[in-house]
Amino acid sequence: MSEVKKFLYVNRRAPYGTIYAWESLEVILIGAAFDQDVTLAFVDDGVFQLVKDHDTAGIGMKNFTPTYGALGDYDINKIYVEKESLEARGLTIDDLQHLIWEDEDEDWAEKDSIKVVTSSELAKLMGQQDVVLSF
Amino acid sequence: MAIEIGGKSIETDEEGYLVDLSDWTEEIALELAKSESLEMDEPRWEVVNFLREYYDEYQIAPAVRVLTKAIGKKLGKDKGNSKYLYELFPYGPGKQACKIAGLPKPTGCI
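Residues numbered from 1 in each chain as written. Chains lettered and ligands numbered in written order. Predicted model: local features only at pLDDT ≥ 70, side-chain atom pairs only at ≥ 80, totals over all residues.

Engineer: Any chance you could explain the overall build of chain B here in plain terms?
Structural biologist: A tally of helices and strands in chain B yields five helices and two strands. Relative to the 2.2 N^0.38 estimate, which gives 13 Å for 110 residues, the radius of gyration of chain B is 13 Å and therefore close to what a compact globule would have. Its C-alpha atoms give chain B principal-axis dimensions of roughly 40 × 25 × 25 Å. Contacts spanning at least 24 positions in sequence make up 51% of the contacts within chain B whose residues lie at least 6 apart. (Helix = DSSP H or I, 4+ residues; strand = E, 2+ residues; numbered from the N terminus. Rg over C-alpha atoms; globule rule 2.2 N^0.38 Å. Contact = placed C-beta atoms within 7 Å.)

Written as structure tokens, this is what we have:
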């Protein structure tokens, strides 16, 4: 088994208009399938990616956001959302999807995956990674 | 590429996966299984139906590791292991079962 690296995926862009958000999610799932240590961060307009109940009918695109619900199955449970970005957009954690993971060691107890952190906490987190990928 | 079913031509990609997911029917599943030399018995349908439900909810075909865990949770530990799933789908539960279920290749499958 090769060495496990700590990967942080930073999502900065709005979910639609560019392919970044969806591409990032695909790369994240692939990274996790290869047993890497995966952490996600959502900042700037990236926080809109996690907003629940997207209605994409008007722009003729597929709403890909139900796929975030599968992150827990891929053992991705470190999802950080920047507090300042939420506030600047008039959002709170209640506007976001409720993402959970199930702890096998505690009889599949459901636990929250999303944590709201300040930008300085996020900066610290970035410093702890082996690889930071920005989308 | 395409497969012929009941006089209708269904488009598939170069690896035999359906191009249009909404083309899928049980009859097509049987045909796809035949192309994989697999007999669709009860345990295989169980996995195929599970994958379709998973796709319906999350819009992705799960990686094998994820599938194994999720099946174990839903259908019981005796089924949620690679030995059981590889016995049903010897060339890979992700690959073969997804194809029969009319789904794209699993994300993270190379």
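Next comes the rest of the account.
Engineer: Please clarify how the overall build of chain A should be interpreted in this entry.
Structural biologist: In terms of helices and strands, chain A carries three helices and seven strands. What you see in chain A, going N to C, is helices and strands ordered as β-α-β-β-α-β-β-β-α-β. A globule of 135 residues ought to have a C-alpha radius of gyration of about 14 Å, and chain A, at 15 Å, matches this closely. If one aligns the C-alpha atoms of chain A with their principal axes, the spans along those axes are about 45 × 30 × 25 Å. Buried residues in chain A amount to 31% of all 135 residues. Sequence-distant contacts, at least 24 apart, represent 77% of the contacts inside chain A between residues at least 6 apart. (Buried ≥ 20, exposed ≤ 12 C-beta atoms within 10 Å, placed from the backbone.)

Engineer: I keep staring at the interface of chain A and chain B and nothing clicks. Help me out?
Structural biologist: How big an interface is tends to be expressed through the accessible area that disappears when the partners come together. If you look at the interface, chain A gives twelve residues, while chain B gives 13 residues. For the side of chain A that touches chain B, a count of residues per class yields eight nonpolar, two polar and two charged. (Nonpolar A, V, L, I, M, F, W, Y, C, P; charged D, E, K, R; others polar.)

Engineer: What is the right way to read the sheet that holds strand S1 (residues 6–11) of chain A from this model?
Structural biologist: Picture the strands of a sheet paired through backbone hydrogen bonds; they go either parallel or antiparallel. Residue and element names in this part refer to chain A. Within the open sheet, the five strands sit side by side as S6-S3-S2-S1-S7. Their pairing is parallel. Edge positions in the open sheet fall to strand S6 (114–117) and strand S7 (131–134), since each of these has one partner strand only. Within this sheet the neighbouring strands show an average axis-to-axis angle of 25 degrees, counted without direction. Where S1 lies against S7, four bridges are found, and the strand directions are parallel. When the bridges of S7 are listed, Tyr9 appears paired with Leu133. (Pairing = 2+ DSSP bridges. Axes fitted to C-alpha atoms, helices over the stretch in contact; angles between N-to-C directions.)

It is worth stressing that arrangement in space is one thing and function is another; only the former is reported here.
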